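# Structure assessment
In case you want the letters, here they are:
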Amino acid sequence: MPIKIKDGAFPTDQVRRSLDELPDTMDASTNPPDPNDLYVVLGHERALDPNSTLVVGDRGSGKSFWSAALNSPVSRALIHAQLPRLQLDRVETSWGFSVSTRNADHPSRRVLQCLHGSHAAEDIWRAVVLRQLTSRYDEELPGKDWAEIVAYVADNPEREERLLSRIAGRLAADGKRHLVIFDALDRTGSDWKAIRALVRGLLQVCLDLKGQTGIQAKVFLRPDMWEDRSIWQFPDSSKLHHGRVILEWRRTDLYGLLWHWLCNHGEGAKMYRRWLQSKHHLSFTATEADGAQVYPIPAKLRQDEDLQQAVLHDMATRYMGANRRRGRTYTWLPNHLADAKGQVSPRSFLIAVRDAQRETQARGHGEVLHWEGIKRGVQSASSVRVQELREDYPWIQTVLTPLNGQTVPCRDEDIMQRWENAHTVQAIERDRTVTLSPEPFGSAEIDDERFYLPPHALADRSSDTPEKALIQELQRIGVIRRVDDDRVDIPDLFRVAAAIGRRGGVRPIR
């Protein structure tokens, strides 16, 4: 029998509190995710599959989240319960590289730089893989520090291969696999030349490991690095390059993430599950692993858009205005958070919903999400997304600031003229040449020291002018797009925070 909600009322206060608790940021970290945060996206099954070596995703798409989840026994068990085909219960994992500066499994960026001065990148990564395997599977490897181990591997390739094969064969005989996970590869060096050489060497090692039955590698890579042709200049690279899995979020995944949060966070989670059971006849079964208990949302609520819309209408205005001519809320929200490639960051989506709720409540509306509040939420998400993008593309603010006041769509010449007036290309070059402080900032455990990596297009440009190269770069990373008459358009996700106008669009932040 369905559990009835008292008076049949939607748990408005509980849902508001739960949304209000959504965090501001999701920092790149090696810490295991909170089991309650672990929403297993069905569309990410191939990315989580140990047989998929290369996973490509934009900033905020979940690369570091899934890296940390796969490295956590509890998270792996929870994923296995929902995706048993992957057989993650037979997989052990370790870090091949991460943002951590204190992970004994791999050298830090500074140590990598030192090693790369005297050894080939391929030998360095072979040593990284071998060291963590020997320490876990009762084998010995000469040397204590990374310099000694890399030197041994470089000088003894036959012994290294024999040792690796012996461990792999033992794992395969026991029906087990070991997965070495590499993340944050843009932090392996201080310039593109060093990063390209190290990543190229790593991918060569990954290609070799595909021939081992018990040992595999998984690499999470930025799209611009996947598209960088110089990284793929080694024999048989196409076997990896063409087999990449793209980490992306469909509309149903974004709403599924929202329902998962509401069903698992805060004191109101139980009441909200009861509401869904009573109103929509959805039942929940807890999944447990090592004492952690999570309530995965039913498959129908993950995939059925009609049901998702009905559940959204429980707490949100149906339309983005007085009537349907303003658009349906269910589609309007993700559409206005998408970049030029149609991709939506889950962080942007949750921030927009959280701040939409706050604005809705501040204005005294009865719904949890009113259309006026949702537009405010998009403004917040826009600011957060631009800030997120700066982590990977530190020049993005320098490029967007001169466009303040511009209206889109517009001609290329309109944008290039603003950049020329602001000396934007010169500013990027000036910033690139500035040496960062030798003292890292942020947590001592996380390598937050970021070197200024300029746009790929400026370094390898084929255009007549650097401003044209910048437009190509922004188009490549999804900040701008071409409309039918070949003019330049900028999605709301970036336009609003950059104070760029559009007739009839969400009001920019001034």
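Let me begin by describing the structure that accompanies this report. (Residues numbered from 1 in each chain as written. Predicted model: local features only at pLDDT ≥ 70, side-chain atom pairs only at ≥ 80, totals over all residues. Heavy atoms only, no water.)

## Brief notes about the pattern of salt bridges
By the definition in use, this model includes 35 salt bridges. The shortest N-O distance in the salt bridge between Arg-358 and Asp-20 comes to 2.6 Å. With Arg-358 in helix α17 (residues 346–362) and Asp-20 in helix α1 (residues 12–20), this residue pair connects regions lying 338 residues apart in the sequence. Residue Arg-358 is classed as partly exposed on the basis of its relative accessible area of 35%. The salt bridge involving Asp-392 is made with Arg-59; its shortest N-O contact spans 3.9 Å. Separated by 333 residues along the polypeptide, Asp-392 in helix α18 (residues 371–392) and Arg-59 in the loop between β1 (54–56) and α3 (63–70) bring together distant segments of the chain. Given a relative accessible area of 7%, Asp-392 falls into the buried group. Via salt bridges that share partners, Arg-59, Asp-186, Arg-222, Asp-224 and Asp-392 belong to a single interconnected network. (Salt bridge = Lys/Arg side-chain N within 4 Å of Asp/Glu carboxyl O. Helix = DSSP H or I, 4+ residues; strand = E, 2+ residues; numbered from the N terminus. Buried < 20%, exposed > 50% of the residue type's maximum accessible area, 1.4 Å probe, protein only.)

## Regarding α1
Turning to α1, its buried residues are Val-15, Arg-16, Ser-18 and Leu-19. Buried positions in α1, seen along its axis, are confined to an arc of 165 degrees and lie on one side of it. Elements in contact with the buried residues of α1: α12 (251–264), α13 (269–280) and α17. (Arc of directions from axis to C-beta. Contact = heavy atoms within 4.5 Å.)

## A word on the packing of aromatic side chains
Counting across every chain of the model gives 10 aromatic pairs. On the numbers, 5.2 Å between centres and 75 degrees between planes, the contact of Phe-65 with Trp-66 is edge-to-face. Its guanidinium or amino end placed over the ring of Trp-146, Arg-131 lies 4.4 Å from that ring's centre, counting from NZ or CZ. One Lys or Arg, Arg-273, reaches over the ring of Tyr-295 and ends 3.6 Å from the middle of that ring. (Phe/Tyr/Trp six-rings, centres within 6.5 Å; stacked < 30°, edge-to-face > 60°. Lys NZ or Arg CZ within 6 Å of the ring centre and 35° of its normal.)

## Thoughts on the nonpolar core
With 100 residues, the main nonpolar core has Trp-66, Leu-258, Trp-259, Tyr-272, Met-315 and Phe-349 as its most contacted residues. With eight residues, the top contributor of residues to this core is α12. Those residues in contact with Leu-258 that lie beyond four places of it in its chain are Leu-19, Met-315, Phe-349, Leu-350 and Val-353. (Core = buried A, V, L, I, M, F, W, Y, C linked by side-chain atoms within 4.5 Å.)

## Topic: unusual backbone geometry
With omega at 0 degrees, the peptide bond leading from Val-408 into Pro-409 counts as cis. Summarising the element assignment, Pro-409 is placed in the loop between α19 (396–400) and α20 (412–422). If you check the backbone angles, His-281 has positive phi at about 60 degrees while not being a glycine. We classify His-281 as exposed; its relative accessible area is 63%. Within the chain, His-423 stands out as a residue other than glycine whose phi angle is a positive 55 degrees. By relative accessible area, which is 49% here, His-423 ends up partly exposed.

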